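Report on the structure
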Amino acid sequence: MNTTVQPIGIFDSGAGGLSVLKELVKLLPKESFIYFADSANCPYGQKNQSEIIKLSNAIVQFLIGNNVKLIVVACNTATAAAIDFLRERYSIPFIGMEPAIKPASLNTKTKSIGVLATAGTFKGRLYAETSKKYASNIKICYKVGEGLVELVENGHPDSPEAVKLLHKYVDPMLACKIDHLVLGCTHYPFLINAIKQIAPPNLTIIDPAPAVAKQTKKILEERGLINKNIPASINFYSSGKTDVIKNIINLFEVVPNGIPMKFADNITL
Ligand code: DGL
């Protein structure tokens, strides 16, 4: 039986899920979290589905072994490849990521939107379904953001190199007259300063993390699982080194002061 005081599990191929954790901590300041970064296997974007299912399943077993009450799959690529498998196999609630095609399609004036994500995300059922459902009469200009995850993981999200690579993906979208850009990978919000350097001021950039945090809160409330009793803490685990995570946490103020954090490297699953 799940109880209120158990932590929330959250995972990503690496540091990208921290963009989701930041919103979760803002909305649910009393909850404790266990964050797993699969840094040894990052990036997931070009891996095949069975490989991502295997990796995600091992992480989920680790998180369940650490007594979590709910798991946020803070990775679009892992959600696309593995969430159906995970929901079928485990009774614990899962919250996944999905490209924010709906708000972009509902609000576009130019009837043209951009989606930037990994190859794995574009291959998934969720992308096909949401674009069919909400964007059948909208032009979607989509690009696989090859190399962008690596820039974030290497600690260069604001570098001239990042701006140069983003030009390659965003310029053709702007030529398609997009007025909304959907960030379909949890690493990409950390490129926001670089994106803003090349995007016109009227381009709306959509990060789905706040919506995912809201959905997490809703599910916890529905199941009576909101924590009210013990102070929050966050434990970070990585299958590689947690240095990348520490760097992003500091650069983007992911965790407010006062929440105790612990870090553990080289976890084998
Ligand atoms: N943060 C992951 C996502 O949202 C990155 C995927 C990757 O590792 O390539 O898709």
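Our structure's up above, just so we're on the same page.
This report concerns the structure included in the present document. (Residues numbered from 1 in each chain as written. Predicted model: local features only at pLDDT ≥ 70, side-chain atom pairs only at ≥ 80, totals over all residues. Heavy atoms only, no water.)

**Quick notes on the pattern of salt bridges**
Going by this rule: A pairing counts as a salt bridge when a side-chain nitrogen of Lys or Arg comes within 4 Å of a carboxyl oxygen of Asp or Glu. Numbering of helices and strands runs from the N terminus; a helix is a DSSP stretch of H or I covering at least four residues, while a strand is a stretch of E covering at least two. Residue exposure (1.4 Å probe, protein chains only): buried if accessible area is under 20% of the type maximum, exposed if over 50%, otherwise partly exposed.
Considering all chains together, one arrives at six salt bridges under this definition. Between R125 and E129 there is a salt bridge; the shortest N-O distance is 2.9 Å. Separated by four residues within a single helix, R125 and E129 lie in helix α6 (residues 125-134), roughly one turn from each other. The class of R125 is partly exposed, set by a relative accessible area of 40%. Since its relative accessible area comes to 41%, E129 is described here as partly exposed. For E222, the salt bridge is made with K218, and the minimal N-O distance between the two is 3.7 Å.

**As for the sheet that holds strand β6 (residues 139-144)**
For clarity, the cut-off: Here, strands pair whenever DSSP counts at least two bridges between them. Each axis is a line fitted through C-alpha atoms, taken for helices only over the stretch in contact, and angles between the N-to-C directions span 0 to 180 degrees.
Across the sheet, which stays open at both edges, the four strands sit in the order β6-β5-β7-β8 with parallel pairing between neighbours. With one partner strand each, in any of the chains shown, β6 and β8 (204-206) form the two edges of the open sheet. Ignoring which end each strand starts from, the neighbouring axes of this sheet average 20 degrees apart. Bridge count for strand β7 (residues 180-184) against β8 is three bridges, and the pairing is parallel. Across the sheet, L181 pairs through a bridge with I205, a residue of β8.

**Quick notes on the packing of aromatic side chains**
For clarity, the cut-off: Stacked, edge-to-face and tilted are the three classes for Phe, Tyr and Trp ring pairs, Trp counted by its six-membered ring, which pair at centre distances within 6.5 Å; planes under 30 degrees apart are stacked, over 60 edge-to-face, the rest tilted. Two thresholds decide whether a charge sits over a ring: the Lys NZ or Arg CZ must be within 6 Å of the ring centre and within 35 degrees of the ring normal.
What the rule picks out here adds up to nine aromatic pairs. By way of ring pairs, the aromatic residues Y35, F236 and F263 are connected into one cluster. Across the ring face of F263, the terminal group of K246 is positioned such that the distance to the ring centre comes to 5.1 Å.

**Points about the sheet that holds strand β3 (residues 71-73)**
The cut-off we apply is this: Should any heavy atoms of two residues lie within 4.5 Å, those residues are counted as being in contact.
Read across the sheet, six strands follow the order β4-β3-β1-β2-β9-β10 without closing on themselves; strand pairing throughout is parallel. Every interior strand has two partners, whereas the edge strands, β4 (94-95) and β10 (261-264), have only one. In the packing of helix α1 (residues 18-27) onto the sheet, contacts are made with β1 (8-12), β2 (33-37), β3 and β9 (234-238), and the angle to β2 comes to roughly 170 degrees. Strands in contact with helix α11 (residues 243-251) are β2, β9 and β10; relative to β10, the strand with the most contacts, it is inclined by about 150 degrees.

**What about the site of the ligand?**
Rule in force here: Here a residue counts as near a molecule or strand whenever at least one of its heavy atoms sits within 4 Å of it. We define a polar contact as two N or O atoms separated by no more than 3.5 Å, with the added condition that, inside protein, one atom must be a possible hydrogen donor and the other a possible acceptor, whereas residues neighbouring each other in sequence contribute only through side-chain atom pairs. By the convention adopted, Pro, Cys, Tyr, Trp, Phe, Met, Ile, Leu, Val and Ala count as nonpolar, Lys, Arg, Asp and Glu as charged, and the other residues, Gly among them, as polar.
Around the ligand there are 13 residues in total, and S13, Y44, G45, T77 and T186 lie nearest to it. At a separation of 2.5 Å, an oxygen atom of the ligand approaches a polar side-chain atom of T77. Within the side chain of T186, a nitrogen or oxygen atom sits 2.7 Å from a nitrogen atom of the ligand. Looking at side-chain class alone, the shell around the ligand contains five nonpolar, seven polar and one charged residues.

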